[in-house]
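Architecture and fold: a report
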Amino acid sequence: MSHWEVSKLPLSTTTNFYYAIFNRSNFMTFTLMGIPGLESQHLWLSLPFFSMFLAILINNGAILFMVAREPTLHTPNHLLLALLMVADLISTLALLPKLLCLFWFNDRDIAVNACFTQMFFIHGTSVVRSALLVAMAFDRFVAVCEPLRYNTVLSHSVVGRLGLMALAKGVILILPMPLLLQRLTFCHMVIPHTYCDHMAVVKLACDDTRPNRIYGLFVILLVVGLDLVLIGFSYGLILQAVIRFNSRDAISKALNTCSAHLFVILITYVPALFSSLTHRLGHNIPPQVHILLANLYLLLPSMFNPIIYGMKTKDIQVKVAKCLCRRHS
């Protein structure tokens, strides 16, 4: 449509026409509210978030450094753990720097492309993390049920393929989310959240958002539902094998082998499911509670995973003790 033809249109139609063109341009920016109702407390809230940021960077970085440096830790279990640490670091770096800028400097604006990129990395790493937990459940199954074939079944090439499959799953499932959002026209520009959450952005659109909502639900059901089924299946086979053990020591050793992974599963899925249920069913729960839960379910696994594996994995404990002894001497 030419500029002369546009000028013939009624004023309201002309305004909407130009608004639609602007709305789909790369100059559009969203505004992040942070935590609605707690804006005056943002500076104080930044303290626990900054503490978590430091803890995640230091603890995950330390585990990655040890696994990379020590050849004795180049086992399938530790390599999968290192991949999980990488996913946790990427998720944290996608979320917390912008959140802290918002809390400290009131930097609320985020360009549309930056918003969609943040969304991709936050949700994508959540999918990758879940896929890696499935791979780690398979690793525990082989360790308990086929210990003599462990290094044969889970060679370095197999671990590499499992990591690539987890990455591919995250990219394939999450990439359509920002692509579907790009077709929408947005009536509102203020996101009542601390980051570009998919559903928070979808709610700003004027257009029909059923495809976005349906696809978002499909991803949740596929990731959480299918991955939990596969993890449950692996542990069902492990439980079958453990029941057949006659030795109490063998049973204790098998359970200890799986304990760290089970704790990580709980810390990953329980906050995520709780946040999802309160978001959909807890209509009387204040919005700030929803947003705090949405942040915690992303950050708690990243913060506690290295602590859990550090406490429950003897090889890592030994390497940490050696490093501390060297520094002390």
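See the structure printed just above.
Everything quoted here is computed from the prediction, not taken from an experiment.

**Some words on a nonpolar patch on the surface**
Among the surface-exposed residues, Leu-43, Phe-50, Leu-54, Leu-57, Ile-58, Leu-93, Trp-104 and Phe-105 lie close enough to one another that they form a single nonpolar patch of about 780 Å² accessible area. Broken down by element, the residue count for the nonpolar patch peaks at five residues, all from helix α3 (residues 42-69). By the secondary structure assignment, Ile-58 is in helix α3. Ile-58 sits in the exposed class, given a relative accessible area of 56%.

**Topic: the environment of Val-202**
With respect to the element layout, Val-202 can be found in helix α9 (residues 198-202). As for Val-202 and Phe-186, which are separated by 16 residues in sequence, their C-alpha atoms are 8.7 Å apart. Excluding anything up to four places from it in sequence, Val-202 contacts Leu-181, Thr-209, Asn-212 and Arg-213.

**Remarks on the side chain of Asp-139**
Checked against the element boundaries, Asp-139 lands in helix α5 (residues 112-145). Residues contacting Asp-139, with those up to four places away along its chain left out, are Pro-76, Asn-77, Leu-80, Tyr-150 and Leu-154.

**Structural notes on the pairing of strand β1 (residues 29-32)**
Here β1 shows a clear split, with Phe-30 and Leu-32 buried on one side and none of Thr-29 and Thr-31 buried on the other. The pairing of β1 with strand β2 (residues 109-111) spans three bridges and is classified as antiparallel. Of the residues in β2, the one forming a bridge with Phe-30 is Ile-110. Here β1 pairs with strand β3 (residues 190-191) via two bridges, running parallel. Bridging from a neighbouring strand, Leu-32 pairs with Ile-191 of β3.

About the criteria used
- Within every chain, residues take consecutive numbers counted from 1 along the sequence as written.
- The model is predicted, so local features are restricted to residues of pLDDT at least 70 and side-chain atom pairs to those at 80 or more, both for listing and for counting; the totals for chains, interfaces and linings are taken over all residues.
- Only hydrogens and water are set aside when side-chain values are computed; all heavy atoms of the structure are taken into account.
- Patch criteria: residues need more than 30% relative accessible area and no salt bridge. Like-charged residues are merged within 9 Å; nonpolar side chains of Val, Leu, Ile, Met, Phe, Trp and Tyr are merged within 5 Å.
- Accessible areas in this description were obtained via Shrake-Rupley with a 1.4 Å probe; residue shielding takes into account the shown protein chains only.
- What makes a salt bridge here is a side-chain nitrogen of Lys or Arg within 4 Å of a carboxyl oxygen of Asp or Glu, nothing more.
- Secondary structure elements are defined from DSSP: runs of H or I of at least 4 residues count as helices, runs of E of at least 2 residues count as strands, and each element is numbered from the N terminus.
- When accessible area is computed with a 1.4 Å probe and restricted to protein chains, residues below 20% of their type maximum are described as buried, those above 50% as exposed, and intermediate ones as partly exposed.
- By the convention used here, residues are in contact when the closest approach between their heavy atoms is within 4.5 Å.
- When DSSP finds two or more bridges between two strands, those strands count as paired.

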